[in-house]
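Chain by chain, the residues:
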Amino acid sequence: MTEQRLSKSQLKREMHELQALGEHLMELSHGQLEDIDLPEPLREAVMTASQMKKHGALHRQKQYIGRLMRDTDPESIRRALQRVEHAGREQAAAFKRCERWRERLLEEGKAAFEELLGIFPDIDRQHVRRLLREAHREREEHLPPRAQRALFRFLADLETHRG
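As the structure is a prediction and not an experimental result, all values here were calculated from the model.

## Structural notes on the overall build of the chain
Consideration 1: Broken down by element type, the chain carries 8 helices and 0 strands.
Consideration 2: Its C-alpha atoms give the chain a radius of gyration of 24 Å, clearly above 15 Å, the size a compact globule of 163 residues would have.
Consideration 3: Projected onto the principal axes, the alpha-carbon positions of the chain cover approximately 75 × 45 × 25 Å.
Consideration 4: Put simply, the chain has 163 residues, and 33% of those count as buried.
Consideration 5: Counting only contacts in the chain whose residues sit at least 6 apart along the sequence, the fraction spanning at least 24 positions is 54%.
Consideration 6: For the chain, the computed accessible surface area is about 11,500 Å², with 49% contributed by carbon and sulfur atoms.
Consideration 7: Within the chain, one finds 31 positive and 29 negative side-chain charges whose respective centroids are separated by 4 Å.

Here it is as structure tokens:
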């Protein structure tokens, strides 16, 4: 069986792809980076690069990351990046749902509250009513939105315990 040799151009394209994948890792937060199974030298190189400011040094660090990427399984890193990005999208969607619920509760009043009770029948009704009263008062009197934030946190807590 003969090995198929890759052209110099193909090798160069693959190296650029690996370097781009390494640069994608640099965009992650330290917490997200910790959630991905990476060889320690690569993790350290990525964390170091994220702190660099000078263009020349950063360029060399990216090339170094590209070289380290050659010794990894790029598909497992791509899958891990997809999981991280999916979790970020889910978190953003949950945040938006909580914002919509808060606005609906404040704008629509009883109808939205009854709908919320239909979805979460075990919630502390008195607590939610108190938060709504305070939030309405804050809006009317142009006060800092403490109760609105508390209502949002309450809804976010419901959202996290939903599934």
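## Describing the side chain of Thr 72
Consideration 1: When you line up the elements, Thr 72 lands in the loop between helix H4 (55-69) and helix H5 (74-108).
Consideration 2: In this view, Thr 72 contacts Pro 39, Leu 42 and Ile 77; residues no more than four positions away in its chain are not counted.

## Some points on the environment of Pro 39
Consideration 1: With respect to the element layout, Pro 39 can be found in the loop between helix H2 (30-34) and helix H3 (40-51).
Consideration 2: Of the residues examined, Pro 39 reaches a relative accessible area of 37% and is grouped as partly exposed.
Consideration 3: The sequence separation of Pro 39 and Leu 81 amounts to 42 residues, and the corresponding C-alpha distance is 15 Å.

## A few points about the packing of H5 against helix H6 (residues 110-119)
Consideration 1: The contact between H5 and H6 brings their axes to 6 Å, and the two run at 135°. As far as their axial angle goes, H6 and H5 are oblique. Within the contact between the two elements, H5 uses Trp 101, Arg 104, Leu 105 and Glu 108 and H6 uses Lys 110, Ala 111, Ala 112, Phe 113, Glu 115, Leu 116 and Ile 119.
Consideration 2: Classifying every residue of the contact of H5 with H6 gives 7 nonpolar, no polar and 4 charged.

## Overview of the packing of aromatic side chains
Consideration 1: Summed over the entire model, instances satisfying the criterion amount to 1 aromatic pair.
Consideration 2: Positioned over the ring face of Trp 101 is Arg 104, at 5.0 Å from the centre of the ring.

## Section: H4
Consideration 1: Over its 15 residues, H4 runs 21 Å from end to end, which matches the ideal 21 Å to within 8%, given 1.5 Å per residue.
Consideration 2: Listed as buried for H4 are Leu 58, Gln 61, Ile 65, Gly 66, Leu 68 and Met 69. Down the axis of H4, the buried side of the element spans an arc of 160°, and every buried residue falls inside it.

Scoring rules and cut-offs
Per chain, residue numbering runs from 1 following the sequence as it is written. In view of the model being predicted, local features appear only for residues whose pLDDT reaches at least 70, and side-chain atom pairs are presented and counted only at 80 or more, with totals across whole chains, interfaces and linings using the full set of residues. The basis for the side-chain values is all heavy atoms of the structure; hydrogens and waters are excluded. By the criteria applied, helices consist of DSSP H or I runs no shorter than four residues and strands consist of E runs no shorter than two, each listed in order from the N terminus. Only C-alpha atoms enter the radius of gyration; for comparison, a globular chain is expected to reach 2.2 Å times N to the power 0.38, where N is the number of residues. Burial classes: relative accessible area under 20% of the type maximum marks a residue as buried, over 50% as exposed, and values in between as partly exposed (1.4 Å probe, protein chains only). The contact criterion used is simple: two residues touch if any of their non-hydrogen atoms lie within 4.5 Å. Residue exposure ignores everything except the shown protein chains as possible cover, and the areas themselves are Shrake-Rupley values with a 1.4 Å probe. Asp and Glu count as negative and Lys and Arg as positive, but His and the ends of the chain are not part of the count. One atom stands in for each charge, and that atom is NZ of Lys, CZ of Arg, CG of Asp or CD of Glu. To get an axis, fit a line to the C-alpha atoms, keeping to the stretch in contact for a helix; angles then go from 0 to 180 degrees between the N-to-C directions. Note that the term roughly parallel is reserved for angles under 35 degrees, roughly antiparallel for angles over 145, roughly perpendicular for angles of 65 to 115, and oblique for everything else. Put simply, Ala, Val, Leu, Ile, Met, Phe, Trp, Tyr, Cys and Pro go in the nonpolar bin, Asp, Glu, Lys and Arg in the charged bin, and everything else, Gly too, in the polar bin. Only centres within 6.5 Å qualify two rings of Phe, Tyr or Trp (six-membered ring in Trp) as a pair; their planes then separate them into stacked at under 30 degrees, edge-to-face at over 60, and tilted for everything else. Two limits define a charge over a ring: the Lys NZ or Arg CZ must be within 6 Å of the ring centre, and within 35 degrees of the ring normal. Here a helix's expected span is defined as the number of its residues, less one, multiplied by 1.5 Å. Directions from the helix axis toward the C-beta atoms define the arc.

Nothing here speaks to function; it is all geometry.
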